[in-house]
Amino acid sequence: MSLSKEFCDKYGMRDNSGIILNASGEVTSALFCLDLSPSAVAQAEESGCDVIVTHHPAIFYGIKNLDVTSDVLSACIARCLNGGISVISMHLNFDAADRGIDRFLMQGLGGECEIAVMNVLSGGGYGRVYDVPPATFESYCQRVKREFNAARMICYGDGERTVSKVASFCGAGCDEDSIKFALEYGADTFVSSDMKHHHITALTQAGCKVIQLTHYASENYGFERIARLVSEKSDIPVTYYTDKNYL
């Protein structure tokens with residue numbers, strides 16, 4: 001979990017990656033999913049998986065009590081405990097890894113090599129500006145929607161304007177610092193999720209087009225590819241679960 005610690009120490013982030021729940025012995029099969037949800041746990045049970053690897057920490061802040069009657073997370077944790085299913089959460093480690101979610105986001109958006117990285121780390125980084133093959137904004141948005149299976153994507157900008165340099169940040173990566181970074185490096189299009197209205201207006205008023213993916217779509221794309229890489233190097237079966245309600 002060293003990359004997460006470096007990210008937190010260097011840039012003031014918060015995380016709770018690592019082994020969240022140790023409920024079993026030998027690992028015989030694994031389920032990868034973005035969140036610890038009832039449907040993900042059900043898929044793990046159906047597939048016979050004894051470990052769930054999530055991107056988002058299954059427990060982010062401390063838990064004072066567990067109430068399986070009214071709290072969904074408590075119920076998920078109880079099901080995992082009772083079923084002998086351990087939980088590992090990777091979060092910032094996978095966000096910023098050299099072959100991590102933020103880099104896969106860049107590649108899915110048409111970039112091959114970054115011009116600049118906003119948060120530089122020893123084993124990767126987060127937030128990128130890069131060149132993409134020139135296209136009209138309208139056609140570029142259509143391509144992104146197809147590539148990410150994005151059912152809930154919002155685009156801001158003139159469809160006839162050209163996209164050639166993109167800034168992207170997986171997850172909730174839009175703030176004053178990322179906007180400044182994108183504009184300083186000449187990005188004509190900004191891609192992230194969970195964006196606030198005043199950030200969208202700041203970008204568009206500066207002449208930058210905006211694509212807002214759902215948080216899920218911006219990270220599921222890369223997390224699925226990481227699961228494939230793990231599967232190729234693992235001796236155990238790896239199942240991937242996508243909740244299409246959030247794409």
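My aim in this report is to walk through the structure given alongside it, one point at a time. (Residues numbered from 1 in each chain as written. Predicted model: local features only at pLDDT ≥ 70, side-chain atom pairs only at ≥ 80, totals over all residues. Heavy atoms only, no water.)

### Brief notes about the state of the cysteines
- As enumerated under the stated definition, the model contains zero disulfides in all.
- With no disulfide of its own, Cys80 has Cys76 as its nearest cysteine by sulfur position, at a separation of 6.8 Å.
- As a non-bridged cysteine, Cys208 has Cys174 as the owner of its nearest cysteine sulfur, 9.6 Å distant.
- A relative accessible area of 2% means that Cys208 is categorised as buried. (Disulfide = S-S within 2.5 Å. Buried < 20%, exposed > 50% of the residue type's maximum accessible area, 1.4 Å probe, protein only.)

### Focus: the environment of Asn16
- By secondary structure assignment, the location of Asn16 is in the loop between α1 (2-11) and β1 (18-21).
- Classification of Asn16 as partly exposed rests on a relative accessible area of 29%.
- Here the alpha-carbon distance between Asn16 and Tyr61, two residues 45 residues apart in the chain, equals 7.8 Å.
- Contact partners of Asn16, with chain neighbours within four places excluded, come to Pro57, Ile59, Phe60 and Ser89. (Helix = DSSP H or I, 4+ residues; strand = E, 2+ residues; numbered from the N terminus. Contact = heavy atoms within 4.5 Å.)

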